[in-house]
Amino acid sequence: DTAVEGKSSQQHPRDPLDLTFEDHVAAFKSKTTWEIIRAYVVYTLCSSEYLVEHNMTLLRFSKKLLGDRLFKLLMKSTFYGHFVAGEDQFKIRPTLERLRSFGVKPILDYSVEEDISQEEAERREVEGSVSEAGDEKSQGTIRQYHIDKQFADRRYKVQSARTYFYLNEAQCERNLEIFHQCLEAVSVSLCVVLLLSSPNQLLQSHLETGFSSATFGTGICAVKLTALGRPQLLLQLSEVIMRTRKYMTEVLGGGGNVLTHHVHVEELEKKFLQAGLEEETVKKFLKQLTYDKEGVIHLFPWSGIVDENQQLSDTFRVPDLKTGRMVRLITQLTPKEEEMFRNMVRRMNNLCRMAEELDVRIMVDAEQTYFQPAISRITLEMMRKYNKDKAVVFNTYQCYLKNTYEEATNDLEQAKRQNFYFGAKLVRGAYLEQERARAAALGYSDPTNPNFEATTEMYHRTLTECLRRIKDLKDRSEDAKRIAIMVASHNENTVRFAIEKMKEIGISPEDKVICFGQLLGMCDYITFPLGQSGYSAYKYIPYGPINEVLPYLSRRAHENKGILKKIKKEKKLLLQELRRRIMSGQIFYRPRGNYVPV
C-alpha cells in the first residue's frame, strides 16, 4: 500500500494551499472560459433584489413566453447550468469526472421538489402530524413538539433547505426508491469516472481487490428522514426523548442526556423501591436499560425499537416516584401508526444497509428542533448498527442552536461507550428565522444562538472538541478514523480555522478524518484549492429534470442574495481569472485535471 501511495503521489500533483483563498487560478482551473462568464452573469443576477424576490414568477413567465424548448436552453445557459449537474444519474457523469480530476468528490442529491401551494402544504402537514387518536395535550406534554397551523408550512422563512410534506406511505416508498437510485448513482458514477479518468488506478484496484464497489466508496448521498415517514411519529418520539430527560432530572437532579448522569442500575433500583414500586415491576423496567461500567446509557431499549420492531406504546413507560406506578411518556399511538413507525425505520435500515454494501456514505440532514431529537436518536442507532468498521452513517449538527456542543459531545460519548464509529457533518443551520418565530409565537424558550458571532463560536467549539478527541485517539495509537467530521461551511474563516487547528494538533489530510463540503456553484474559490492541495473536499451535487428543480434554483438565488460579501469576492476572482486568460491568450482553455481526491 505504501509503495502504491508513493507512486501515486509522484504521478498526481499536490498544490500549495493559499489560506487567504485569493488564488483565482487555483479556484477556476476546472472551468472553461464560458463557465467563468456564466458564473459571473449568474452572480450578478443574484445580486438584484428585485429579480431574486420575484424569481419564481419570472421563471414561470419566461417558460410561458419562450416555450418549453427555449426555456430549457435558457436555463442550461444560466442558473440550471451553474447550480445543477444534470437531469439524471447518467448526464451528471461528465461533471463528476471533471470534479474528481481536480481533487473533489461528490455528495449526490436528487433535487426534485414539489411546487405546492401554502394551503396544500398546511393541509398535508396538519393531517400528517396529528394522531388518529387526536392531538393529546395532557399533563406532561411539551408544547414545542405539537403541530401549530401557523407554522404548518415548514418552508416559512427557510431558503436553504428542501422540505418534504407527507402525503401517504406510498409516497414514502417512492422517496425510498429515489434515495436507492441516488446511492447507486454515487457508486456507479465513481466507477465510471475512474474508468474514464484513471484507468491505471482502476486496473490496480482490480488486481488488488476485484471490481467491487468498495474500491470506489468515496461518494456520499444526502437523506432527509421526513421523506421516509409520517411527521407525527418524529414529533411524538422527540417529545418522549425530551420528557425522558426531564424525568431523569426529577429523579436524580442535574440535567442533560441520560448518559451524562452516570447513574448505575443499583442506584435507580434503590430509588424506585424506596418510592414503593413493586419489586417485580422495577426489575422488569431495569431489564430493558442499556448500561456499562460507567452507568446507564439509555432508559429504553433503542436497539430493540430499531431492530426488533418493539411496540412504542408498550416501551416508553417509566416508574413514577410520586404515584408508585408505571406511567406512559408517549402519547397514544394506534396500531396503524405503530406500523407506520416500523415502516419508517425499515426504510432507513434499508438505505443504510445498501450504503454499507456499496461502500457509500449516508449523511442524514438536520431538520427543525421539534423533529431533531427523534432524527438524531434514529441516526445514532443506525450508526451503532452500521458503523462497526468505519463511518458509513453521518448525523448533522446545526451550530446556530444553543445545545449543539452538548448534543455532539453526548453523541461522541455514546459512540465511545458503545464502540461504534462516529460520523458528523457540522453546519451553521437552515431554520434560524423559523425557529425564532415559532418559539416566540408558541411561548417556549428560543433554542437559537443570539447572533452570528455566537453561532461561529459554537461551530468552532464543537469542531475543536471533535479534533481534540481525534488527537486523543492518535496519541493512544488507536484508530483516529473512529471519528469522521465534515466541515460543511461556505464561511472561509471557519474553513481556515479548521485547517489551522488540524495543523496545530497534528492531524494531516492523509489521516482521512476531516473533510470539507460546499454546494455546487458556490464558493469554488474554497473547494477546489482544498481538493487540489490534498484535503478531502466535496461538492454537494444536485441533479434532476429542469422543470422539477425550479424550487431548488429559487432557493439558491435567495441564498446567494443573503451572502453578498461572498458573491463580491467570487465575482472579483472570476473577473481576475477572465482577464488573465484574455491577456495570456487562453480564452479557449480546456480544463484537464490530473488530481486524485484524498
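Just so you know, these numbers come straight off a predicted model, no measurement behind them. Counting starts from 1 at the beginning of each chain's written sequence and moves along it residue by residue. Where local features are concerned, this predicted model is filtered to residues with pLDDT of at least 70; where side-chain atom pairs are given and counted, the filter is 80 or more; whole-chain, interface and lining totals use all residues. With hydrogens and water stripped out, all remaining heavy atoms of the structure feed into the side-chain values.

## Observations regarding helix 11 (residues 231-252)
Working step 1: In this model, helix 11 (22 residues) spans 32 Å end to end at C-alpha, consistent with the 32 Å of a helix rising 1.5 Å per residue.
Working step 2: To sort residues, take the accessible area from a 1.4 Å probe on protein chains only and compare it with the maximum for the residue type: under 20% means buried, over 50% means exposed, and anything in between is partly exposed. Put simply, DSSP marks the helices as runs of H or I at least four residues long and the strands as runs of E at least two long, and each gets a number from the N terminus on. Counting buried residues in helix 11 gives 17 out of 22 residues, a clear majority hidden from the surface.
Working step 3: Positive backbone phi, at 85°, marks Gly-253, one or two positions downstream of helix 11. By definition here, a helix of n residues has an expected span of 1.5 Å times n minus one.

## Observations regarding the confidence of the model for the chain
Working step 1: Residue-level confidence of the predictor is summarised by pLDDT, bounded by 0 at the bottom and 100 at the top. For the chain, per-residue confidence averages 89 on the pLDDT scale, and residues scoring 70 or more make up 91% of the total.
Working step 2: Here, residues are in contact when the closest pair of their heavy atoms is within 4.5 Å. Low pLDDT (under 50) marks residues 1-9, which in the prediction has two contacts with non-local residues, meaning those over four places away or in another chain.
Working step 3: For the stretch residues 205-217, pLDDT sits under 50, and the model shows 18 contacts to residues farther than four places along the chain or on other chains.

## Re the packing of aromatic side chains
Working step 1: Only centres within 6.5 Å qualify two rings of Phe, Tyr or Trp (six-membered ring in Trp) as a pair; their planes then separate them into stacked at under 30 degrees, edge-to-face at over 60, and tilted for everything else. Under the counting rule described, the total for this entry stands at nine aromatic pairs.
Working step 2: Residues Tyr-110 and Tyr-543 carry aromatic rings whose centres are separated by 5.3 Å and whose planes lie at 65° to one another, so their mutual orientation is edge-to-face. On the criterion of sequence distance, the pair formed by Tyr-110 in strand 1 (residues 104-110) and Tyr-543 in strand 12 (residues 536-543) is long-range, its members being 433 residues apart.
Working step 3: Of the residues examined, Tyr-110 reaches a relative accessible area of 21% and is grouped as partly exposed.
Working step 4: On the basis of an interplanar angle of 85° and a centroid distance of 4.9 Å, the ring pair of Phe-300 and Phe-316 is categorised as edge-to-face. Note that Phe-300 is positioned in the loop between strand 4 (295-298) and helix 14 (302-307) and Phe-316 in the loop between helix 15 (312-315) and strand 5 (317-319), a separation of 16 residues in sequence.
Working step 5: Judged by relative accessible area, Phe-300 falls into the buried class, the value being 2%.

## Examining the nonpolar core
Working step 1: Only buried residues count toward a nonpolar core. Its members are Ala, Val, Leu, Ile, Met, Phe, Trp, Tyr and Cys residues joined through side-chain atoms within 4.5 Å. Counting 161 residues, the largest nonpolar core has Leu-299, Ile-485, Phe-516 and Leu-553 as its most contacted members.
Working step 2: Excluding residues that lie within four positions of it along the chain, Leu-299 makes contacts with Thr-244, Tyr-247, Met-248, Val-258, Leu-268, Phe-285, Gln-288, Leu-289 and Val-318.
Working step 3: Listed in part, the six residues of the second largest apolar core include Val-158, Ala-161, Tyr-400 and Ala-430.

## Structural notes on the packing of helix 11 against helix 16 (residues 335-358)
Two measures define how a pair of helices packs: the angle their axes make with one another and the distance between the axes.
Working step 1: Packing of helix 11 against helix 16 leaves a shortest axis separation of 10 Å and a crossing angle of 90°. With respect to each other, helix 11 and helix 16 are oriented roughly perpendicular. Within the contact between the two elements, helix 11 uses Gln-232, Leu-233, Leu-234 and Leu-237 and helix 16 uses Glu-337, Met-340, Phe-341 and Met-344.
Working step 2: Each residue gets one label: Ala, Val, Leu, Ile, Met, Phe, Trp, Tyr, Cys and Pro are nonpolar, Asp, Glu, Lys and Arg are charged, and the others, such as Gly, are polar. Class assignment of the residues belonging to the contact of helix 11 with helix 16 gives a composition of six nonpolar, one polar and one charged. An axis is simply a line fitted to the C-alpha atoms; with a helix, the fit covers only the stretch in contact. Between two such axes, the angle follows the N-to-C directions and lies from 0 to 180 degrees. Roughly parallel refers to an angle under 35 degrees, roughly antiparallel to one over 145, roughly perpendicular to one between 65 and 115, and oblique to any angle outside these ranges.

## Focus on the sheet that holds strand 2 (residues 220-223)
Working step 1: Read once around its circumference, the closed barrel built from eight strands follows the order 1-2-7-8-9-10-11-12, with strand pairing classed as parallel. The sheet shows a mean angle of 30° between the axes of neighbouring strands, taken without regard to direction.
Working step 2: The pairing criterion is simple: DSSP has to find at least two bridges between the two strands. Bridge analysis of strand 11 (residues 514-519) against strand 12 gives five bridges, and the strand direction is parallel. Looking at strand 12, one finds that Gln-518 is bridged to Lys-539.
Working step 3: Along the sheet, helix 17 (residues 372-386) makes contact with strand 7 (361-364), strand 8 (393-398) and strand 9 (422-427), crossing strand 8 at roughly 150°.
Working step 4: The sheet strands contacting helix 18 (residues 404-418) are strand 8, strand 9 and strand 10 (483-488), and the helix crosses strand 8 at an angle near 160°.

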